[in-house]
Amino acid sequence: PQDKTLDDLFLDTLKDIYFAEKQILKALPKMAKAAEDPQLKAGFEEHRDQTEQHVERLEQIFEMLDKPARGKTCEAILGIIGEGEEIMDDFKGTHALDAGLISAAQAVEHYEMARYGTLKTWANLLGRKDAAALLEATYKEELETDKKLTQLAVGNDNSKAAAAA
């Protein structure tokens, strides 16, 4: 298909991250419930509220483009979330659980940061400053969440896991 454009790719990738955010919304309460560390539990709950905003922003962008807000199955996020579920099953009741949950959450964040960074760049190239501003806001929040997860890991949860090794 020679007639595919950056516009098409932009829309396709928006559908991908929209699907991903909806999956993340379902996964975060499970991760919060599984977490032992109260700070990590609170972090997952806070990020769930933030993710709802991310979904709303994406819906605004679909509206700007005059397109229906529809997701497209994203195998990558299903795989990353699946790994997180495996960690919850395999490490339940162990000192390594929270460290594993953090690593799974960071894999999600890094995927999202890659997607939002690209989408923001494309929005600017396509002259969609309105969409770019919303994508930038979400990108910054994902970056912030990733930093908080690193602080939790470095501050406590990785060393607890190591001490129990």
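The structure contained in this document is the topic of the report that follows. Note that the structure is predicted; figures quoted are calculated from it, not measured. (Residues numbered from 1 in each chain as written. Predicted model: local features only at pLDDT ≥ 70, side-chain atom pairs only at ≥ 80, totals over all residues. Heavy atoms only, no water.)

**Remarks on the side chain of H47**
Part 1: With respect to the helices and strands, the residue H47 is situated in helix 2 (residues 38–64).
Part 2: A polar contact of 3.5 Å, which involves the side chain of H47, links it to the side chain of E142.
Part 3: Other than its neighbours up to four places away in sequence, H47 contacts L28, H54, E109, E112, E142 and T145. (Helix = DSSP H or I, 4+ residues; strand = E, 2+ residues; numbered from the N terminus. Polar contact = N/O pair within 3.5 Å; in protein donor to acceptor, adjacent residues only side chain to side chain. Contact = heavy atoms within 4.5 Å.)

**Here's the deal with helix 3 (residues 75–90)**
Part 1: With 16 residues, helix 3 should cover 22 Å at 1.5 Å per step; its first-to-last C-alpha distance of 22 Å lies within 8% of that length.
Part 2: Here helix 3 has its buried residues at I77, I80, I81, G84, I87 and M88. Viewed along the axis of helix 3, the buried residues span an arc of 105°, placing them on a single side of the element. With respect to the buried face of helix 3, the exposed residues turned more than 90 degrees away are E75, E83, D89 and D90.
Part 3: Looking at the buried side of helix 3, the elements it contacts are helix 1 (6–34) and helix 4 (97–125). (Expected span 1.5 Å × (residues − 1). Buried < 20%, exposed > 50% of the residue type's maximum accessible area, 1.4 Å probe, protein only. Arc of directions from axis to C-beta.)

**Overview of the pattern of salt bridges**
Part 1: Scanning the model with the defined rule gives 9 salt bridges in all.
Part 2: Two residues, E52 and R48, come together in a salt bridge whose shortest N-O distance is 2.6 Å. With E52 and R48 both in helix 2, this residue pair falls 4 residues apart, about one helical turn.
Part 3: E52 gets classed as partly exposed once you look at its relative accessible area, which sits at 33%.
Part 4: Taking the shortest distance from any N to any O, the salt bridge between E136 and K120 comes out at 2.8 Å. Here the residue E136 occupies a position in helix 5 (residues 129–163), and K120 occupies one in helix 4, the gap between them amounting to 16 residues.
Part 5: We classify K120 as partly exposed; its relative accessible area is 21%.
Part 6: One salt-bridge network, in which partners are shared between bridges, spans K120, E136 and K140. (Salt bridge = Lys/Arg side-chain N within 4 Å of Asp/Glu carboxyl O.)

**Section: the side chain of E112**
Part 1: Position of E112 among the secondary structure elements: in helix 4.
Part 2: No salt bridge is formed by the buried E112. Its closest oppositely charged neighbour is R57, at 9.9 Å.
Part 3: Not counting the four nearest positions on each side in its chain, E112 is found in contact with I17, E21, I24, H47 and E142. (Lys, Arg positive; Asp, Glu negative; His and termini not counted.)

**Some words on the environment of I80**
Part 1: Residue position: I80 is located in helix 3.
Part 2: On the basis of relative accessibility, which here comes to 17%, the residue I80 falls in the buried class.
Part 3: As a C-alpha pair, I80 and A107 span 27 residues in sequence and 6.8 Å in three-dimensional space.
Part 4: In this view, I80 contacts A104, A107, V108 and Y111; residues no more than four positions away in its chain are not counted.

**Comments concerning the environment of T118**
Part 1: Residue position: T118 is located in helix 4.
Part 2: Classification of T118 as partly exposed rests on a relative accessible area of 28%.
Part 3: Sequence separation between T118 and I17 is 101 residues, and the spatial gap between their C-alpha atoms is 11 Å.

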